[in-house]
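Chains, contacts and geometry: an overview
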Amino acid sequence: MIITIDGPAGSGKSTAARHLAERLGLAYLDTGAMYRAVTLRALRQEVDLTDGDALTHCAAGAALSLRYDDGRLRVLLDGQDVSEAIRSVEVTDNSHYLASTPGVRDVLVALQRRAAGDLGDVVTEGRDQGSVVFPDATVKFFLVADPDVRARRRYDELRAKGQDVGFDAVRDAMAARDRRDAGRDVAPLVRPDGAIEVDTTGLSIEQVIDVLARHVEAAR
Ligand code: C5P
């Protein structure tokens with residue numbers, strides 16, 4: 001069984017996917033972490049971010065693995081734990097270079113399909129999971145939320161981690177990222193065919209999980 005959850009930044013995808021997987025006893029795949037990890041690799045290697053071939057080469061050479069310790073995602077890149085490093089503002093703001101490069105997406109899509117095959121039943125989360133990577137998924141969700149609420153969630157998350165950011169800057173950066181994710185030529189953020197749209201604006205995490213779990217139970 002494959003359950004896909006797509007949606008814009010701050011729509012609650014990651015939290016929903018993690019908790020839904022836990023509740024249903026399924027594995028969980030955070031594909032944004034993959035784009036972040038290869039972005040970090042490109043930044044560290046000072047790859048020209050406008051050179052698609054160089055970015056593809058960089059992504060193809062990455063030794064990338066996702067592990068879960070006590071429900072916490074650990075991302076290993078070239079043997080090093082980069083779980084925290086991939087959440088920096090620099091990585092977030094530069095991820096669009098890698099995400100809009102077709103060769104990079106080919107590398108990561110292959111990795112995602114292989115990971116899902118290895119994991120068996122999985123909840124996978126990103127921007128293109130229901131539209132491109134797993135078009136025949138058992139259940140597809142598309143999460144949305146009011147832009148200010150999404151920005152507030154991301155702002156609270158960053159502040160809780162001790163990052164010194166302002167709300168307006170977070171909201172503007174998020175809007176720019178949404179525009180790029182939805183406007184790119186390759187695998188743009190779209191509501192996948194057949195996806196169930198869930199607006200998480202006024203919902204608690206528990207309520208979101210309840211809604212998703214009900215749909216999954218009905219499809220089982
Ligand atoms: O979900 P997260 O914010 O961690 O994703 C970081 C970036 O990676 C997104 O802004 C998007 O550009 C890219 N991404 C993507 N396709 C996915 C997951 C993430 O293009 N399946």
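Going along each chain's sequence as written, the residues are numbered from 1 onward. The predicted origin of the model limits local features to residues at a pLDDT of at least 70 and limits the giving and counting of side-chain atom pairs to 80 or more, whereas totals for whole chains, interfaces and linings rest on all residues. Excluding hydrogens and water, the side-chain figures rest on all heavy atoms present in the structure.

**Observations concerning the overall build of the chain**
Put simply, DSSP marks the helices as runs of H or I at least four residues long and the strands as runs of E at least two long, and each gets a number from the N terminus on. Looking only at helices and strands, one finds nine helices and eight strands in the chain. In terms of overall dimensions, the chain has C-alpha extents of about 50 × 40 × 35 Å along its principal axes. Only protein chains enter the calculation, and the probe is 1.4 Å; a residue is then buried if its accessible area is under 20% of its type maximum, exposed if over 50%, and partly exposed in between. Counting over 220 residues, the chain shows a buried share of 48%. A sequence separation of at least 24 residues applies to 73% of the contacts in the chain between residues at least 6 apart. Roughly 10400 Å² of accessible area belongs to the chain as shown, and the carbon and sulfur atoms make up 47% of that amount. Contact criterion: two residues are considered in contact whenever any of their non-hydrogen atoms come within 4.5 Å of each other. Note on areas: Shrake-Rupley with a 1.4 Å probe; residue coverage comes only from the protein chains shown.

**Brief notes about the domain arrangement of the chain**
Per the domain assignment, the segments of the chain are domain 1 (1–26 + 121–220) and domain 2 (31–111). Either an automatic procedure or a domain database provided the assignment from which the domain bounds are taken. A straight line from the C-alpha centre of domain 1 to that of domain 2 covers 19 Å. Counting the surface lost from both domain 1 and domain 2, the interface buries some 1200 Å², and carbon and sulfur atoms represent 53% of this. The term salt bridge refers to a pairing of a side-chain nitrogen on Lys or Arg with a carboxyl oxygen on Asp or Glu at a separation within 4 Å. Linking domain 1 with domain 2 are one salt bridge. Salt-bridge contacts for Arg105 lead to Asp128; the nearest nitrogen and oxygen are separated by 2.8 Å. Buried area: the accessible surface (1.4 Å probe) lost by two parts on joining, summed over both.

**With respect to the packing of aromatic side chains**
Ring geometry is summarised as follows: Phe, Tyr and Trp rings, the Trp one being its six-membered ring, pair when their centres sit within 6.5 Å, and such pairs are stacked at plane angles under 30 degrees, edge-to-face over 60 and tilted between the two. Evaluated as defined, the whole model comprises two aromatic pairs. Taking the centre distance of 5.7 Å and the plane angle of 55 degrees together, the rings of Tyr28 and Tyr68 count as tilted. Note that Tyr28 is positioned in strand β2 (residues 27–30) and Tyr68 in strand β3 (residues 64–69), a separation of 40 residues in sequence. Residue classification places Tyr68 among the partly exposed positions, given a relative accessible area of 32%. A ring pair is formed by Tyr155 and Phe167, whose centres lie 5.8 Å apart and whose planes are at 85 degrees; its orientation type is edge-to-face. Here Phe167 lies in helix α8 (residues 167–183) and Tyr155 lies in helix α7 (residues 147–160), a separation of 12 residues in the sequence. Here, a charge over a ring means that NZ of Lys or CZ of Arg falls within 6 Å of the ring centre while also lying within 35 degrees of the ring normal. Positioned above the aromatic ring of Phe167 is the side chain of Arg152, whose terminal nitrogen or guanidinium carbon lies 4.6 Å from the ring centre.

**Here we look at the site of the ligand**
Neighbouring residues of the ligand: 15 residues in total, closest Arg36, Arg105, Asp128, Arg177 and Asp181. In protein, a polar contact means a hydrogen-donor-capable atom and an acceptor-capable atom, both N or O and within 3.5 Å, with residues adjacent in sequence counting only if both atoms are side-chain atoms; elsewhere, any N or O pair within 3.5 Å suffices. Side-chain polar atom of Arg177 to an oxygen atom of the ligand: 2.7 Å apart, as the coordinates give it. Alone, the ligand offers 460 Å² of accessible surface; in the complex the protein occludes 98% of this. Secondary-structure elements contributing two or more residues to the shell around the ligand are α2 (31–44), α4 (89–99) and α8. Side-chain classes are defined by residue name, with Ala, Val, Leu, Ile, Met, Phe, Trp, Tyr, Cys and Pro counting as nonpolar, Asp, Glu, Lys and Arg as charged, and the others, Gly among them, as polar. A class-by-class count of the residues in the shell around the ligand yields two nonpolar, five polar and eight charged. A domain-level breakdown of the shell around the ligand finds at least three residues from each of domain 1 (1–26 + 121–220) and domain 2 (31–111). Near, as used in this document, describes a residue that has one of its heavy atoms within 4 Å of the molecule or strand being considered.

**Considering the side chain of Asp178**
As for its position among the elements, Asp178 is in helix α8. What makes Asp178 buried here is its relative accessible area of 15%. Contacts of Asp178, omitting those with residues within four sequence positions, involve Pro8, Ala9 and Arg150.

**Digging into the nonpolar core**
Core analysis: the largest hydrophobic core is formed by 32 residues, its most contacted members being Val38, Leu64 and Val75. No other element matches the seven residues that α2 contributes to this core. Taken domain by domain, this core gets at least three of its residues from each of domain 1 (1–26 + 121–220) and domain 2 (31–111). Contacts of Val38, omitting those with residues within four sequence positions, involve Cys58, Ala59, Ala62, Leu64, Leu98, Val104 and Leu108. Counting residues in each nonpolar core, the second largest holds 19 residues, with Ile5, Ala17, Val123 and Phe141 among its members. Note on terminology: a nonpolar core comprises buried Ala, Val, Leu, Ile, Met, Phe, Trp, Tyr and Cys residues joined through side-chain atoms within 4.5 Å.

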